[in-house]
Amino acid sequence: MLYNPHLVFKFKKFVVYTPLLSIFFIVALGFLAKKMKILEQKNSSVFINFVLCFALPALIFDKIYHINIDIHLLNIVTTGFFASAFGAVISLCISLLFKFSRPTTVSVVMLSFFGNTLFVGIPVIEGFFGRSAVDIVIFYDQVTTSIPIAILGPVILSFGVKQRVSLLQNCMKILKFPPFIAVTLALIAKSFSDIFVLPQELFTPLRMISSSVTPVALFAVGLGLNFGGVKSSYKGVCVVMLCRMVAPAVFFVLVMKFFNFEINQAWLVGIMLSTMPPMVLASAMIMKAELDSSLAVSSVALGVAFSFITLPIIYILFAS
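- Looking at an unreviewed UniProt entry, one finds the protein named AEC family transporter, with Campylobacter suis as its source organism.
- Recorded in UniProt under Sequence similarities (unreviewed entry), the annotation for the protein is "Belongs to the auxin efflux carrier (TC 2.A.69) family."
- Recorded in UniProt under Subcellular location (unreviewed entry), the annotation for the protein is "Cell membrane".

So, in structure tokens, the structure goes:
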């Protein structure tokens, strides 16, 4: 059989879009449930709370306990954090250049810094690379997103509101956060694994409940989508899309070229995670602080839609 590059490219595109179609289907179900008034947008918090308090901690404990944390993984995670920070700095410069208002500028920086590496990251990476790659997603999310937003999020928001930031309160919130508790317990158990190995029977119910993370989280994202404010805040949204979903990938690639890192599956996972759409929690924090709520909601909604373009492009460019 003769080699047909055109046919291979078409097949590769089909493979790329297959996991995204599954994600789109579940997100669309949540969006339709709201439009058909089966559920209300505020109900999305119920699904998110279930994921954050039960399903996700179960997944985190299982994955962190079994993951092999080495220098290679730490390099990816560290690069990912600075890639997000790079995007946030670029967004600040652009916001100052366009003379955005202070609330809008702070909102743009907040949305550009923190990506949805959890609710969108897990299903996307699992779809492209399989269940084994979820280990990287969990560790990446905790180090580059979940813990940093709890510490840095209120600090960033404080520049837009006249309110003191309590470091003690933020630390207490982190310590009480179920996913962080799961990470801590998993690392403690892992450190004593040479002395006592947890029985595999313990992980059976954990894996059963953790299997609900992807569909429930995506359904909640769809239920919370709102495109109503895109027109009124399109400038800010464009800046967020550029700095959250494009700039970090450029930074990632430059770091890899500079240090001569080989682009393998783990690094590709890192690049894709760095370009995830804006984080739902970041949007919620902006609305709670009464900053640019329209920009916050629109960026999350458009970010999910924009990821159907950016992620396949990244995969096609770098996947071998």
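There's plenty left to go through after this.
1. Section: the overall build of the protein
- Secondary structure summary: the protein contains 15 helices and 0 strands in total.
- Each principal axis of the C-alpha atoms in the protein carries an extent, and together these give about 60 × 55 × 50 Å.
- Counting every position in the protein, which comprises 320 residues, the buried fraction comes to 50%.
- Of the contacts formed within the protein by residues at least 6 apart in sequence, a portion of 86% connects residues at least 24 apart.

2. Describing the pattern of salt bridges
- Tallied over the entire structure, the rule returns 4 salt bridges.
- A salt bridge links Asp62 to Arg207, with the shortest nitrogen-to-oxygen separation between them at 3.0 Å. With Asp62 in helix α2 (residues 44–66) and Arg207 in helix α9 (residues 203–210), the pair connects residues that are 145 residues apart, well separated along the chain.
- For Asp62, a relative accessible area of 5% gives the class buried.
- Overall, the relative accessible area of 37% leaves Arg207 in the partly exposed class.
- Residue Lys63 pairs with Asp135 through a salt bridge whose shortest N-O separation is 3.4 Å. Pair noted here: Lys63 is in helix α2 and Asp135 is in helix α6 (residues 134–157), with a separation of 72 residues, a long-range link.

3. Some words on the environment of Phe47
- The residue Phe47 is located in helix α2 in this model.
- With a relative accessible area of 26%, Phe47 lands in the partly exposed category.
- For Phe47 and Met241, which are 194 residues apart along the polypeptide, the C-alpha to C-alpha distance reads 26 Å.
- When near neighbours in sequence (up to four residues on either side) are disregarded, Phe47 contacts Leu39, Val216, Phe219, Ala220 and Leu223.

4. Observations concerning the packing of aromatic side chains
- A complete count under the given rule lists 17 aromatic pairs for this structure.
- Plain terms: the ring middles of Phe61 and Tyr65 are 6.3 Å apart, the flat faces sit at 5° to each other, and that makes the pair stacked. Of this pair, Phe61 and Tyr65 both sit in helix α2, 4 residues apart, which is roughly one turn of the helix. Residue Phe61 shares its accessibility class with Tyr65, and that shared class is buried.
- Both rings, one in Phe259 and one in Phe261, keep their centres 5.7 Å apart while their planes meet at 25°; by these two values the pair is stacked.
- Among the aromatic side chains, those forming a connected cluster through ring pairs are Phe252, Phe258, Phe259, Phe261 and Trp267.

5. Things to note about the nonpolar core
- Ranked by internal contacts, the top residues of the largest apolar core, which has 65 residues, are Leu56, Ile122, Val124, Ile125, Phe129 and Met272.
- Ranked by residue count, the leading element in this core is α2, at 10 residues.
- Setting aside residues no more than four positions away along its own chain, Phe129 makes contact with Gln265, Leu268, Val269, Met272 and Tyr315.
- Listed in part, the 27 residues of the second largest apolar core include Val108, Phe114, Met279 and Ala282.

6. Some details on the side chain of Thr145
- Position of Thr145 relative to the elements: it lies in helix α6.
- Engagement of the side chain of Thr145 in a polar contact is seen with the side chain of Thr117, the distance being 3.1 Å.
- The contacts of Thr145, once residues within four sequence positions are left out, are Phe114, Gly115, Thr117, Tyr140 and Met279.

7. Remarks on unusual backbone geometry
- Within the chain, Lys99 stands out as a residue other than glycine whose phi angle is a positive 55°.
- Of note, Lys99 is situated in the loop between α3 (71–97) and α4 (102–113).
- On the basis of relative accessible area, Lys99 is assigned to the exposed category, the value being 74%.
- With phi around 60°, Asn260 is a residue other than glycine that occupies positive phi space.
- Inspection of the secondary structure puts Asn260 in the loop between α12 (247–259) and α13 (265–274).
- Residue class for Asn260 comes out exposed when judged on its relative accessible area of 70%.

Analysis parameters
Residues numbered from 1 in each chain as written. Predicted model: local features only at pLDDT ≥ 70, side-chain atom pairs only at ≥ 80, totals over all residues. Heavy atoms only, no water. UniProt positions renumbered as here; feature names shortened; annotations may be inferred. Helix = DSSP H or I, 4+ residues; strand = E, 2+ residues; numbered from the N terminus. Buried < 20%, exposed > 50% of the residue type's maximum accessible area, 1.4 Å probe, protein only. Contact = heavy atoms within 4.5 Å. Salt bridge = Lys/Arg side-chain N within 4 Å of Asp/Glu carboxyl O. Phe/Tyr/Trp six-rings, centres within 6.5 Å; stacked < 30°, edge-to-face > 60°. Core = buried A, V, L, I, M, F, W, Y, C linked by side-chain atoms within 4.5 Å. Polar contact = N/O pair within 3.5 Å; in protein donor to acceptor, adjacent residues only side chain to side chain.

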